[in-house]
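If you want the building blocks of each chain, they are given just below.
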Amino acid sequence: MKLADKEALVHECLTANYEKYYRIAYSYTFQEQDAMDIVQEGAYKAILKSDSLKQTEYTDTWICRIMMNEAVRFLKKNRGRTVNIEDIPEKGEPDRVEDVDLKRALERLDEKERRIVVLKYFEEEKLENIAKILDLNVNTVKSRLYRAIGKLKDYMETGGTPHEKMERRV
């Protein structure tokens, strides 16, 4: 397949699945603007590296991996970043209690577990596809998902047990 055809395919996939990529990015940052920045940078990298796409039938899988890697890169780059309280706009919808609890619970998972939970429950991907996206064995995906669900359940049932206690219980 020609480079121009691959670029067109990547662009088409990015356009068709923008919301999906945004949700993936948002699940890492929980900030709208940061998620949009991640998707924009990820899209740029996907188009720029479209010549490295080997199997065109896995274009969406390939882009998902780029978005996740970009989200991790963004978090590492911005670790410890502080925000001035006056810079935060007052508008917006108030957080729902369930959303805040889920956000906190997801933040307690390690990166490998969070990726799988997001793909399985937020993006409704099949385990086989998650394995392809993350370049893992399906059984590894299953065991990490099982462990992550246990941690989430413990966290939610105990009303916010610190991460160290969650680690020991699983």
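Residues numbered from 1 in each chain as written. Predicted model: local features only at pLDDT ≥ 70, side-chain atom pairs only at ≥ 80, totals over all residues. Heavy atoms only, no water.

**Section: the packing of helix H1 (residues 3-16) against helix H3 (residues 32-48)**
Phase 1 of the analysis: The geometry of H1 relative to H3 is characterised by a closest axis approach of 9 Å and an angle of 160 degrees between their N-to-C directions. Considering the angle they form, H1 stands roughly antiparallel to H3. Considering the relative orientation of H1 and H3, their crossing is right-handed. Between H1 and H3, the residues in contact are Glu7, Val10, His11 and Leu14 and Ala43, Ala46 and Ile47, respectively. (Axes fitted to C-alpha atoms, helices over the stretch in contact; angles between N-to-C directions. Helix = DSSP H or I, 4+ residues; strand = E, 2+ residues; numbered from the N terminus. Parallel < 35°, antiparallel > 145°, perpendicular 65-115°, else oblique. Left-handed = near helix turned anticlockwise from the far one by under 90°. Contact = heavy atoms within 4.5 Å.)

**Section: the packing of aromatic side chains**
Phase 1 of the analysis: Evaluated as defined, the whole model comprises 2 aromatic pairs.
Phase 2 of the analysis: Ring pairing ties together the aromatic residues Tyr22, Tyr26 and Phe30, which thus form one cluster. (Phe/Tyr/Trp six-rings, centres within 6.5 Å; stacked < 30°, edge-to-face > 60°.)

**Some points on the pattern of salt bridges**
Phase 1 of the analysis: Considering all chains together, one arrives at 10 salt bridges under this definition.
Phase 2 of the analysis: As a salt-bridge pair, Lys45 and Glu70 come within 2.8 Å of each other at their nearest N and O atoms. Remark: Glu70 occurs in helix H4 (residues 59-77) and Lys45 occurs in helix H3; sequence separation between them is 25 residues.
Phase 3 of the analysis: A relative accessible area of 25% places Lys45 in the partly exposed class.
Phase 4 of the analysis: Among the residues examined, Glu70 registers a relative accessible area of 4% and is labelled buried.
Phase 5 of the analysis: A salt bridge links Arg114 to Glu111; the shortest N-O distance between them is 3.9 Å. Pair noted here: Arg114 and Glu111 are both in helix H6 (residues 111-122), with a separation of 3 residues, about one helical turn.
Phase 6 of the analysis: Overall, Arg114 belongs to the buried group, its relative accessible area being 9%. (Salt bridge = Lys/Arg side-chain N within 4 Å of Asp/Glu carboxyl O. Buried < 20%, exposed > 50% of the residue type's maximum accessible area, 1.4 Å probe, protein only.)

**Here's the deal with the nonpolar core**
Phase 1 of the analysis: Of all hydrophobic cores here, the largest spans 41 residues; its most connected members are Leu14, Tyr21 and Ile63.
Phase 2 of the analysis: Put simply, the parts of the chain that give this core at least two residues each are H1, helix H2 (18-29), H3, H4, helix H5 (97-108), H6, helix H7 (127-134) and helix H8 (138-158).
Phase 3 of the analysis: Here Tyr21 is in contact with Cys13, Leu14, Val39, Asp60, Ile63, Cys64 and Met67, once residues within four sequence places are set aside. (Core = buried A, V, L, I, M, F, W, Y, C linked by side-chain atoms within 4.5 Å.)

**Side note on H7**
Phase 1 of the analysis: All of the buried residues in H7 are Leu127, Ile130, Ala131, Ile133 and Leu134. One side of H7 holds all its buried residues, which, seen down the axis, span an arc of 165 degrees.
Phase 2 of the analysis: The inward-facing, buried residues of H7 contact H4, H6 and H8.
Phase 3 of the analysis: Backbone geometry just downstream of H7 places Asp135 in the positive-phi region, at approximately 55 degrees. (Arc of directions from axis to C-beta.)

**Remarks on the layout of surface pockets**
Phase 1 of the analysis: Roughly 200 Å³ of internal volume is contained in the second largest pocket.
Phase 2 of the analysis: What lines the second largest pocket is simply Leu53, Lys54, Gln55, Tyr58, Thr61, Trp62, Arg65, Lys132 and Asp135.
Phase 3 of the analysis: Examining the composition of the lining of the second largest pocket, we find that 3 residues originate from one element, H4, more than from any other.
Phase 4 of the analysis: Partitioning the lining of the second largest pocket into residue classes produces 3 nonpolar, 2 polar and 4 charged. (1 Å grid on protein atoms, 1.4 Å probe; cavity = no way out; pocket = protein on both sides within 12 Å on 5 of 7 lines; lining within 4 Å. Points joined across faces, edges and corners; volume = space filled by probe spheres on them. Nonpolar A, V, L, I, M, F, W, Y, C, P; charged D, E, K, R; others polar.)

**A short note on unusual backbone geometry**
Phase 1 of the analysis: With phi around 55 degrees, Phe30 is a residue other than glycine that occupies positive phi space.
Phase 2 of the analysis: In this structure, Phe30 sits in the loop between H2 and H3.
Phase 3 of the analysis: With a relative accessible area of 14%, Phe30 lands in the buried category.
Phase 4 of the analysis: At Glu124, a position not held by glycine, the phi torsion is positive, near 55 degrees.

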